[in-house]
Amino acid sequence: MGLFDKFKKKNEMVHTQKTNEQIEIEEIVRKNHTIFANAFLGKRAIDEDIQKAEQQLGLQIPESYSWFLKEFGSGGYWFDFIGYCKNGKPQFIEETLEQRKNGLPEKFLVIEDCDEFYHCLDTMSEKVATWSQYDEDGVLYCFDNFYDFFKDNLENAIDNFEE
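Figured I'd write up the structure that's included with this text.

Conventions and cut-offs
- Residues numbered from 1 in each chain as written.
- Predicted model: local features only at pLDDT ≥ 70, side-chain atom pairs only at ≥ 80, totals over all residues.
- Heavy atoms only, no water.
- Core = buried A, V, L, I, M, F, W, Y, C linked by side-chain atoms within 4.5 Å.
- Buried < 20%, exposed > 50% of the residue type's maximum accessible area, 1.4 Å probe, protein only.
- Helix = DSSP H or I, 4+ residues; strand = E, 2+ residues; numbered from the N terminus.
- Contact = heavy atoms within 4.5 Å.
- Axes fitted to C-alpha atoms, helices over the stretch in contact; angles between N-to-C directions.
- Parallel < 35°, antiparallel > 145°, perpendicular 65-115°, else oblique.
- Nonpolar A, V, L, I, M, F, W, Y, C, P; charged D, E, K, R; others polar.
- Pairing = 2+ DSSP bridges.

Section: the nonpolar core
Ranked by internal contacts, the top residues of the largest apolar core, which has 42 residues, are F36, F40, Y65, F68, F92 and F150. Residue contributions to this core peak at seven residues, all from helix 7 (residues 146–162). Here F40 is in contact with V29, F68, F72, S74, G75, G76, F79, F150 and L154, once residues within four sequence places are set aside.

If you want it as structure tokens, here you go:
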């Protein structure tokens, strides 16, 4: 490893300082490799992908979901978070734009299709909510942030795998 490589790696580490939530989630996935080995198969996003997505959607993607897109791409086990497909297709952009035609509020980003409803990320408050065009109740908030939502889904997957 040359001097430049050492400098580059050191700068990358400083630039990508992980939060406690990110470290905790990555540790859950790592400890449960048997369950999650093939769960996240989407393309991993880079900063340019995130910037392009924000331009297309007209909103800022919260850091928590941006981190997911960069670290995992898409997928799950017993859940299926929308992100970038294997071929690089930005499914979350297409789904969000499509659901806006059905009344999805502009500040929401579709992160999971649950058939009759969607899990969405409120890009202003960073809370996770359910939304359905067929539901008279409209938006129902269910998690304070994406990290809690992700962790809860991981724990449910582990519980279901062990049963």
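Remarks on the packing of helix 5 (residues 63–71) against helix 7
Contact pair helix 5 / helix 7: the axes reach a minimum separation of 8 Å and the direction vectors enclose 45°. Relative to helix 7, the element helix 5 is oriented oblique. Seen from helix 5, the contacting residues are E63, S64, Y65, W67 and F68; seen from helix 7, they are F146, Y147 and F150. Here the residues of the contact of helix 5 with helix 7 sort into six nonpolar, one polar and one charged.

What about the pairing of strand 2 (residues 118–122)?
The side chains of a regular strand alternate between the sheet's two faces. Counting buried residues along strand 2, five of its five residues qualify, which places the element largely inside the surrounding structure. Here five bridges tie strand 1 (residues 108–113) to strand 2, and the two strands are oriented antiparallel to one another. Each residue of the ladder has a partner; that of V110, found in strand 2, is C120. Linking strand 1 back to strand 2 in an antiparallel pair, the connection comprises four residues, with D115 at a positive phi of about 70°. For strand 2 and strand 3 (residues 128–131), the ladder comprises four bridges, and the chain directions are antiparallel. Each residue of the ladder has a partner; that of Y118, found in strand 3, is W131. Connecting strand 2 to the next strand, strand 3, in antiparallel fashion are five residues, including E126 with a positive phi near 70°.

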